[in-house]
Amino acid sequence: CMLCGQAEVDPDICGRKRVKKGLCAHTYCLLPAFCVLQLFARDLLPQGSRKGFPVADTRCTIQVAAQKCCFVCGKMGAAIICQEKGCNHSFHLPCASEGECVTQFFEPYRSFCWQHCPEQTVQATPEQNSTCIICLDLVEDKKSYRTMVCPACQHAWFHQNCIQKKAIHAGASFHCLHCQNEDQFVKEMLNMGIQISKRQPSWESDEAFELVYQRHSLCNASKCLCPGGREQAEEEGPWQLLLCSSCAAEGTHRHCSYLRSCATTWECDSC
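An unreviewed UniProt entry lists the chain under the name G2/M phase-specific E3 ubiquitin-protein ligase, from Antrostomus carolinensis.

Right, dumping it as structure tokens:
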């Protein structure tokens, strides 16, 4: 990529690498840079034209970025500029997380450095030994760039990188794993720079999901309590079988994992 300078990056974060007339750039490295220069960028969007990116505008973006140094890694080609008036901080998209920068993936696609990035306004503090609802590791003892909270229930804490991965794979079904809130939760995450895929959940769109579902139509609890055995699955009640909401590779009866009747999702220990 002639902007971030990297050949191998997470395609979920930087998007597809596009090559045209000797120019090479990742979709999401270009998008915020285009908007800074007030160039036409709609063809870059996944739902837009398939003709590729505008060559003249892309060349202009690369030339401008070549003069700017990333304040995170110190290398040139920093196409993304902090939108705060008077701030000259520039950075590469793959460097954003390390530099605690925010790029908002909705119009007008604004970006901010660590000094000027938006903060969650919700008044909440993690209880002692609070863990990330996704990875179950401890979170910091206060809100920060890397420790976030659901604005709706104010009880679900998670790491920034954990919720980012979840947003990419959950796509259109992205919501708080604790209170199931979608509207307020999604708006807050977008504002905080979490990139949310518009596709269907990866575990539903992937053709392999059907095979995984068939192979794992049984309870994987260490001790299955169901009188009918691990393969018994009822539509509701204690013997309803829930698949892991992240990998769909393991399942459990509600009662075998001591899940409440109101619980609609479950994740295996591996996820």
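A count of helices and strands for the chain gives 7 helices and 10 strands. Counting all 271 residues of the chain, 45% fall into the buried class. Expressed as a percentage of contacts within the chain between residues at least 6 apart in sequence, the contacts between residues at least 24 apart total 49%. Surface exposure of the chain reaches about 15,100 Å², of which carbon and sulfur atoms provide 48%.

Moving on, we come to the environment of Cys70. By the element assignment, Cys70 lies in the loop between α3 (55-65) and β3 (80-81). Overall, the relative accessible area of 1% leaves Cys70 in the buried class. Taking C-alpha positions, Cys70 is 6.2 Å from His92, a pair spaced 22 residues apart along the chain. Residue contacts for Cys70: discarding those within four places in its chain leaves Lys75, Ala78, Ser90, Phe91, His92 and Cys95.

In this section: the nonpolar core. Core analysis: the biggest nonpolar cluster contains 27 residues, and Cys1, Leu3, Cys29, Phe91 and Leu93 have the highest contact counts within it. Mapped onto this core, the elements with two or more residues apiece are β2 (23-26), α2 (27-36) and α3. Considering every element that reaches this core, the biggest residue donor is α2, with 6 residues.

Right, let's get into α3. Three or more residues of α3 are buried, namely Val55, Thr58, Thr61, Ile62 and Ala65. Considered in projection along α3, the buried side chains sweep an arc of 125° and stay on one side of the axis.

Let us now look at helix α4 (residues 160-170). In terms of burial, α4 is largely enclosed, as 8 of its 11 residues are buried. Among all positions in α4, only Gln160, Cys162, Ile163, Gln164, Lys166, Ala167, Ile168 and Ala170 are buried. Once α4 ends, the next one or two residues include Gly171, with phi positive near 55°.

A few words now on the packing of aromatic side chains. Summed over the entire model, instances satisfying the criterion amount to 4 aromatic pairs. With centroids separated by 5.4 Å and ring planes inclined at 90°, the aromatic side chains of Tyr28 and Phe105 adopt a geometry described as edge-to-face. In this pair, Tyr28 sits in helix α2 while Phe105 sits in the loop between β5 (102-103) and β6 (111-112), placing the two residues 77 residues apart along the sequence. Grouping residues by exposure puts Tyr28 and Phe105 together as buried. Each ring, one from Phe71 and one from Phe91, has its centre 6.4 Å from the other, and the planes form 85°; the classification is edge-to-face.

Moving on, we come to the pairing of β2. Covered by surrounding structure in β2 are Leu23 and Ala25 together with Cys24 and His26, the residues of both alternating faces. Examined bridge by bridge, strand β1 (residues 17-20) and β2 share 4 bridges and lie antiparallel to one another. Counterpart to Val19 in the pairing with β2 is Cys24.

Before going further, it helps to spend a moment on the environment of Phe105. Residue Phe105 is classed as buried on the basis of its relative accessible area, which comes to 15%. When the C-alpha atoms of Phe105 and Leu190 are compared, they prove to be 6.9 Å apart, with 85 residues separating the residues in sequence.

Counted by the stated rule, this structure contains 0 disulfides. The closest cysteine sulfur to the non-disulfide-bonded Cys132 is located on Cys135, 3.8 Å from its own sulfur. Exposure remark for Cys132: the relative accessible area of 0% places this residue in the buried category. The thiol of Cys219 is unpaired, and the distance to the nearest cysteine sulfur, on Cys256, comes to 3.9 Å.

The rules behind these values
Residues numbered from 1 in each chain as written. Predicted model: local features only at pLDDT ≥ 70, side-chain atom pairs only at ≥ 80, totals over all residues. Heavy atoms only, no water. Helix = DSSP H or I, 4+ residues; strand = E, 2+ residues; numbered from the N terminus. Buried < 20%, exposed > 50% of the residue type's maximum accessible area, 1.4 Å probe, protein only. Contact = heavy atoms within 4.5 Å. Areas by Shrake-Rupley, 256 points an atom, 1.4 Å probe, with all protein chains shown as cover. Core = buried A, V, L, I, M, F, W, Y, C linked by side-chain atoms within 4.5 Å. Arc of directions from axis to C-beta. Phe/Tyr/Trp six-rings, centres within 6.5 Å; stacked < 30°, edge-to-face > 60°. Pairing = 2+ DSSP bridges. Disulfide = S-S within 2.5 Å.

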